[in-house]
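A closer look at the structure
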Amino acid sequence: MATAAAASASEAEAEPKAGPKAEGEEAEAKEARTRRKVLSRAVAAATYKTVGPEWDQQEEGVSESDGDEEYAMASSAESSPGEYEWEYDEEEKNQLEIERLEEQLSINVYDYNCHVDLIRLLRLEGELTKVRMARQKMSEIFPLTEELWLEWLHDEISMALDGLDREHVYDLFEKAVKDYICPNIWLEYGQYSVGGIGQKGGLEKVRSVFERALSSVGLHMTKGLAIWEAYREFESAIVEAARLEKVHSLFRRQLAIPLYDMEATFAEYEEWSEDPIPESVIQNYNKALQQLEKYKPYEETLLQAEAPRLAEYQAYIDFEMKIGDPARIQLIFERALVENCLVPDLWIRYSQYLDRQLKVKDLVLSVHSRAVRNCPWTVALWSRYLLAMERHGVDHRVISVTFEKALSAGFIQATDYVEIWQAYLDYLRRRVDFKQDSSKELEELRSAFARALEYLKQEVEERFSESGDPSCLIMQNWARIEARLCSNMQKARELWDSIMTKGNAKYANMWLEYYNLERAHGDTQHCRKALHRAVQCTSDYPEHVCEVLLTMERTEGTLEDWDIAVQKTETRLARVNEQRIKAAEKEAALAQQEEEKVEQRKRARAEKKALKKKKKTRGSDKSKADEDDEKEWGDDEEEQPSKRRRVENSVPPAGEAELGPEADPGLSGSSAPAAAEPPSEQKEQRAAARRRDVPRVLHDSSKDGVTVFVSNLPYGLREPAATLRPLFEACGDVVEVRPIFSNRGDFRGYCYVEFKEEAVALRALELDRQTVEGRPMFVSPCVDKSKNPDFKVFRYSTALEKHKLFVSGLPFSCTKEELEEICKVHGTVKDIRLVTNRAGKPKGLAYVEYENESQASQAVLKMDGMTIKENVIKVAISNPPQRKAPEKPEARKAPGVAMVPRQIYGARGKGRTQLSLLPRALQRPSATAAQAENGPAPPPAATEVPKMSNADFAKLLLRK
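Only a predicted model underlies this, so the values are computations on that prediction, with no experimental measurement involved. (Residues numbered from 1 in each chain as written. Predicted model: local features only at pLDDT ≥ 70, side-chain atom pairs only at ≥ 80, totals over all residues. Heavy atoms only, no water.)

1. Regarding the overall build of the protein
Counting secondary structure elements, the protein contains 41 helices and 11 strands. Taken over 960 residues, the protein has a buried fraction of 36%. For the protein, restricting intrachain contacts to residue pairs at least 6 apart in sequence, the fraction spanning at least 24 positions comes to 61%. Just so you have it, the protein exposes about 59400 Å², and 51% of that area is on carbon and sulfur atoms. (Helix = DSSP H or I, 4+ residues; strand = E, 2+ residues; numbered from the N terminus. Buried < 20%, exposed > 50% of the residue type's maximum accessible area, 1.4 Å probe, protein only. Contact = heavy atoms within 4.5 Å. Areas by Shrake-Rupley, 256 points an atom, 1.4 Å probe, with all protein chains shown as cover.)

The following block contains the structure:
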């Protein structure tokens with residue numbers, strides 16, 4: 001269909017050109033637009049038949065019937081202009097979009113999506129020449145996917161009319177099979193070559209294509225079978241006696257390779273062969289079956305996993321590397337790269353294996369070339385490519401062209417440009433024969449150094465606002481080459497002067513590097529001059545520079561040189577000390593200001609609390625004034641029942657002392673306790689009843705394996721067991737839910753959930769952080785921490801994770817979905833975790849996990865400093881600070897030192913609620929504290945405190 005439509009369209013395009021030239025330009029333009037539209041409809045109809053309904057044509061209004069009808073309409077000479085007005089509008093929109101895409105590609109030729117969209121629109125418009133050019137340009141920059149290649153090949157095959165066109169299609173197939181390992185493209189290639197068997201050398205061409213296909217994908221366990229069968233069918237179709245041995249050979253070769261559905265192939269061979277199968281073939285077949293069993297777990301894992309399946313491919317690669325078969329290792333790398341072509345680490349690992357193991361020039365350079373085409377932003381791939389080209393003796397002009405491509409690849413960091421320049425300059429340096437005083441290669445090296453410095457200063461600094469080389473590493477290397485290899489110290493000194501003027505004069509290591517260079521290739525005078533300048537300019541380690549100067553003068557200098565050095569170093573160090581004292585005073589003043597601010601805030605909070613307390617007291621006094629004036633002392637007992645119970649056996653209440661023996665018994669309350677104390681007695685009875693109703697939860701540590709510990713639950717949860725049981729029954733059978741209550745009967749926010757099986761308990765751990773009444777529930781294994789003090793419940797990594805980002809400064813209203821929309825622009829987001837407090841409220845922090853390190857690095861560059869809902873966020877690679885392990889009691893013990901009970905306070909010191917439980921009679925003034933005010937305290941005397949019994953403590957408490 002596509003062939004006929006394209007041929008008809010081309011004929012329709014040629015006929016009007018032969019007509020008379022008397023028609024006006026407007027009519028010709030109308031006819032040209034009509035022809036392009038007819039061709040686009042034909043291509044669209046053919047595409048619809050080939051691809052199927054999933055190809056979206058609704059926007060363009062294209063269907064199979066539309067294509068046929070419009071083709072018939074275009075073939076007639078008379079057509080109404082108004083019928084195609086809507087088509088002209090649509091065509092005009094497409095033309096504007098094509099112009100926009102072409103302009104965008106002229107600015108950034110590495111925009112992959114622009115290439116794809118441009119090809120689609122040009123193909124739809126029927127611009128066959130432009131489509132071919134657009135595809136050619138894209139294939140020069142990017143490797144094309146299997147779908148893009150098949151679409152291109154089908155279009156070219158449909159238009160191939162003669163032998164020259166067939167050769168052009170062969171060239172396209174050769175390019176297609178070099179991008180990725182594609183069994184479908186190899187199958188198409190073999191079948192298309194069969195069509196040219198009648199030409200000269202056609203039979204040899206077909207066999208060559210199939211043999212290369214077997215070498216490339218014949219070992220593919222799931223897709224290689226189609227290539228073997230197609231090759232056998234072709235050989236079987238040739239009716240010659242000599243071809244039978246060829247078919248036998250193909251069967252035997254295939255049966256010696258572990259492939260899926262080998263049993264069917266063996267049965268087919270038995271049926272086809274007239275002779276019995278040789279024993280050697282059966283042995284190879286059985287051996288291949290055994291190998292297939294080893295490979296099956298990895299293949300089945302790939303079949304079950306979802307693309308891109310990087311982890312599964314990595315495990316498969318590790319397995320193949322242990323076996324060590326180069327052909328299979330190459331195949332599994334190629335299979336992995338089809339789905340993970342944008343993972344630089346995978347390309348690096350593949351190219352490194354080829355560089356160190358196979359060392360085949362064409363194969364190595366091909367893989368390096370494909371690597372930089374897939375991941376042009378990765379400087380490590382370009383550097384390795386340059387090394388590989390040098391290693392295999394590639395022409396210098398080719399290497400230079402490759403380097404120029406690397407400069408235009410669009411690296412994401414300024415330091416990447418420094419790295420690629422260093423790699424190229426190292427290559428140029430190795431080409432120079434420094435035994436000659438002057439050579440073409442040396443001049444090229446010097447001009448390259450000068451160009452590198454100019455490039456970093458203009459191009460890189462303009463783009464990144466930094467040169468990427470603050471330490472001037474390129475200039476340092478140039479100076480070393482001039483000094484050591486060219487014996488040109490004058491040029492080296494000029495370069496070092498330029499290095500120091502770029503902000504490096506304050507660093508001691510830069511001056512010492514220059515001093516060592518002068519020491520090795522210069523003279524003592526310039527060494528002394530460099531150190532004198534270093535003493536005056538260095539600000540980070542001036543003592544070290546002064547020491548180096550004094551050491552040199554001590555060993556080589558005269559007395560005058562020594563005196564000058566001592567004077568300069570003393571003057572400089574004195575000035576440095578003054579500056580440090582001023583800086584310390586300034587820091588102390590700032591610290592004091594901060595302390596004063598903290599004290600002011602504390603006083604303000606204290607005044608606010610006192611004012612609030614005063615208002616509360618006034619309110620309570622006012623309410624008390626409204627009550628009855630005749631108030632029994634039993635009500636005071638209700639307010640402070642604990643004090644009443646504590647002193648009822650020692651000191652009589654104040655009310656009884658005032659009444660005396662002559663008072664009215666009815667008013668004193670001593671003769672009528674039932675009337676005086678009902679409120680307090682009722683309260684005590686209710687509390688006692690509540691304590692009796694609360695069950696004692698005894699945890700059986702032998703059931704820790706089938707039990708989980710649930711915490712951070714809402715304290716106001718009325719029926720914890722009834723609420724939590726349905727949640728955990730979704731994981732399996734629940735034996736018991738044991739909530740923990742206080743002595744007063746209040747729920748304490750945690751409980752134990754016991755299951756019948758340990759596997760169910762493990763599944764229950766997945767409910768961690770699930771929300772229960774607006775609060776995240778923590779579910780952790782039930783572990784006795786007294787027996788396992790090192791057990792940690794924290795389930796997230798605390799080490800450096802280069803593929804994960806830490807985002808801070810987020811607005812509290814930012815949701816996970818909103819953050820994902822922002823982050824997925826820079827790569828594939830695997831997971832996002834918003835950090836919350838124990839109440840489930842957001843803290844403005846988040847962790848974003850990408851597929852690989854390169855996506856995370858690009859996201860850091862693009863997102864750091866971004867504004868989200870008026871909040872400026874900070875983005876960095878996730879690298880949490882190391883958590884300090886708790887100090888163990890054994891570590892605090894020292895031999896010969898008595899153990900003193902350590903007071904444990906909170907993070908802010910001793911709180912107001914941390915009361916001392918030591919009786920006042922035992923409290924003694926601390927001699928250490930008293931003497932510490934006037935000087936250092938003497939060591940405490942080793943006096944032994946006499947032991948006291950419970951009776952002694954009781955006497956002290958009852959002492960008046």
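2. Side note on the side chain of H532
As for its placement among the helices and strands, H532 is situated in helix α26 (residues 524-537). A relative accessible area of 15% means that H532 is categorised as buried. H532 has contacts with L549, E553, I564 and K568, leaving out every residue within four places of it along the chain.

3. What about unusual backbone geometry?
As a rule of thumb, non-glycine residues mostly have phi less than zero, and peptide bonds are mostly trans rather than cis. A cis amide bond links A307 with the next residue in sequence, P308, at an omega value of 10°. With respect to the helices and strands, the residue P308 is situated in the loop between α14 (279-304) and α15 (310-323). We note that S465 has phi near 60°; this positive angle belongs to a residue other than glycine. Given the relative accessible area of 67%, S465 is considered exposed. Even without being glycine, C472 reaches a positive phi, approximately 55°. Assignment of secondary structure puts C472 in the loop between α22 (440-464) and α23 (473-485). You can call C472 buried: its relative accessible area is 6%.

4. Considering the pattern of salt bridges
Counted according to the given criterion, the structure contains 41 salt bridges. Here E97 ties to R100 by a salt bridge, and the two come within 2.7 Å at their closest N and O atoms. Of this pair, E97 and R100 are both found in helix α4 (residues 85-107), three residues apart, which corresponds to roughly one turn of the helix. For E97, a relative accessible area of 28% corresponds to the partly exposed category. (Salt bridge = Lys/Arg side-chain N within 4 Å of Asp/Glu carboxyl O.)

5. Examining the pairing of strand β1 (residues 707-711)
The buried count for β1 comes to four of five residues, which makes it a mostly enclosed element. Sheet topology note: the β1/strand β5 (residues 775-781) ladder contains four bridges and is antiparallel. Paired with S711 across the strands is F778, a residue of β5. (Pairing = 2+ DSSP bridges.)

6. Brief notes about the side chain of R232
Inspection of the secondary structure assignment puts R232 in helix α11 (residues 224-237). Ignoring any residue separated from it by four or fewer positions in sequence, one finds R232 in contact with L250, F251, Q254, T265 and E268.

7. Some details on the sheet that holds strand β3 (residues 747-755)
Backbone hydrogen bonds are what pair the strands of a sheet, in a parallel or an antiparallel way. What the five strands build is an open sheet, ordered β2-β3-β1-β5-β4; its pairing is antiparallel. Since the sheet does not close on itself, it has two edges, and those belong to β2 (734-741) and β4 (770-772), each with one partner. If you compare each strand with its neighbour and ignore which way they point, the axes differ by 30° on average. (Axes fitted to C-alpha atoms, helices over the stretch in contact; angles between N-to-C directions.)

8. Focus on the packing of aromatic side chains
For the structure on display, the rule yields 32 aromatic pairs. Relative to Y231, the ring of F210 lies with its centre 5.1 Å away and its plane at 5°, an arrangement referred to as stacked. Remark: Y231 occurs in helix α11 and F210 occurs in helix α10 (residues 202-217); sequence separation between them is 21 residues. Overall, the relative accessible area of 0% leaves Y231 in the buried class. Members of the aromatic cluster, connected to one another through ring pairs, are F403, F411, Y417, W421, Y424, Y427, Y455 and F464. Across from the ring centre of Y192, 4.3 Å away, lies the NZ or CZ of R166, which sits over that ring. Positioned over the ring face of Y295 is R328, at 4.4 Å from the centre of the ring. (Phe/Tyr/Trp six-rings, centres within 6.5 Å; stacked < 30°, edge-to-face > 60°. Lys NZ or Arg CZ within 6 Å of the ring centre and 35° of its normal.)

9. What to know about the sheet that holds strand β8 (residues 842-850)
In spatial order, the strands read β7-β8-β6-β11; together these four strands make up an open sheet with antiparallel pairing. If you trace the sheet from one side to the other, it starts and ends with β7 (829-836) and β11 (874-878), each paired once. With direction set aside, neighbouring strand axes in the sheet form an average angle of 25°. Bridge count between strand β6 (residues 801-808) and β11: five bridges; the pairing is antiparallel. Pairing of L805 across the sheet is with I877, part of β11. With respect to the sheet, helix α37 (residues 816-823) is in contact with β7 and β8, its orientation differing from that of β7 by roughly 135°. Across the face of the sheet, helix α38 (residues 853-863) comes into contact with β6, β8 and β11 while running at roughly 25° to β6.

10. Some details on the packing of helix α19 (residues 379-391) against helix α21 (residues 414-431)
Running from N to C, α19 and α21 point in directions that differ by 10°, and their axes come no closer than 9 Å. As judged from the angle between their axes, α19 and α21 are roughly parallel. Here V379, A380, W382, S383, L386, L387 and E390 of α19 come into contact with α21, specifically with D416, E419, I420, A423, Y424, Y427 and R430. Residue composition of the contact of α19 with α21, by class: nine nonpolar, one polar and four charged. (Parallel < 35°, antiparallel > 145°, perpendicular 65-115°, else oblique. Nonpolar A, V, L, I, M, F, W, Y, C, P; charged D, E, K, R; others polar.)

11. Side note on the nonpolar core
One finds I185, I420 and W421 to be the most contacted residues of the largest nonpolar core, which totals 153 residues. It is α21 that contributes the most residues to this core, 10 residues altogether. Beyond its immediate stretch of four places on either side in the chain, W421 contacts F403, L407, A448, R451, A452, Y455, L456 and I474. Counting 20 residues, the second-largest nonpolar core is a separate cluster that includes V710, F755, A764 and M777. (Core = buried A, V, L, I, M, F, W, Y, C linked by side-chain atoms within 4.5 Å.)

12. Quick look at α10
Here α10 contains 16 residues, and its C-alpha end-to-end distance of 22 Å stays within 8% of the 22 Å for a straight helix at 1.5 Å per residue. For α10, every residue scored as buried is listed here: G202, V206, V209, F210, A213, L214 and V217. Down the axis of α10, the sector holding all buried residues measures 135°, keeping them to one side. Residues E204 and S215 are exposed on α10 and point more than 90 degrees away from its buried face. (Expected span 1.5 Å × (residues − 1). Arc of directions from axis to C-beta.)

13. Overview of the packing of α21 against α22
Relative to each other, α21 and α22 sit at 175°, their axes nearing to 10 Å. Relative to α22, the element α21 is oriented roughly antiparallel. Taken together, the residues of α22 that come into contact with α21 (itself represented by A414, Y417, V418, W421, Y424, L425, L428, R429 and R431) are E441, E444, L445, A448, F449, R451, A452, Y455, L456, V460, R463 and F464. Among the residues forming the contact of α21 with α22, the class breakdown is 15 nonpolar, no polar and six charged.

14. Things to note about helix α35 (residues 720-729)
Those residues of α35 lying buried are P720, L724 and F728. The buried side chains of α35 occupy one side of the element, clustering within an arc of 35° when seen end-on. Away from its buried face, by an angle of more than 90 degrees, α35 presents the exposed residues A722 and P726. On the buried face of α35, the contacting elements are β1, β2, β3, α36 (758-764) and β5.

15. Examining the confidence of the model for the protein
On average, residues of the protein carry a pLDDT of 78, and 72% of them reach 70 or more. Here residues 1-26 scores under 50 on pLDDT; set against residues more than four positions off or in separate chains, the count is 18 contacts. Low confidence marks residues 887-916, where pLDDT is under 50. Its contacts with residues over four positions away, or in another chain, come to 11 contacts. (pLDDT = per-residue confidence, 0-100.)

16. With respect to a negative patch on the surface
A surface patch of like charges, here negative, comprises E229, E233, D261 and E263. Mapped onto the elements, E263 comes out in helix α13 (residues 262-272). (Patch = residues over 30% accessible without salt bridge, like charges linked within 9 Å, V, L, I, M, F, W, Y side chains within 5 Å. Lys, Arg positive; Asp, Glu negative; His and termini not counted. Charge placed at Lys NZ, Arg CZ, Asp CG, Glu CD.)

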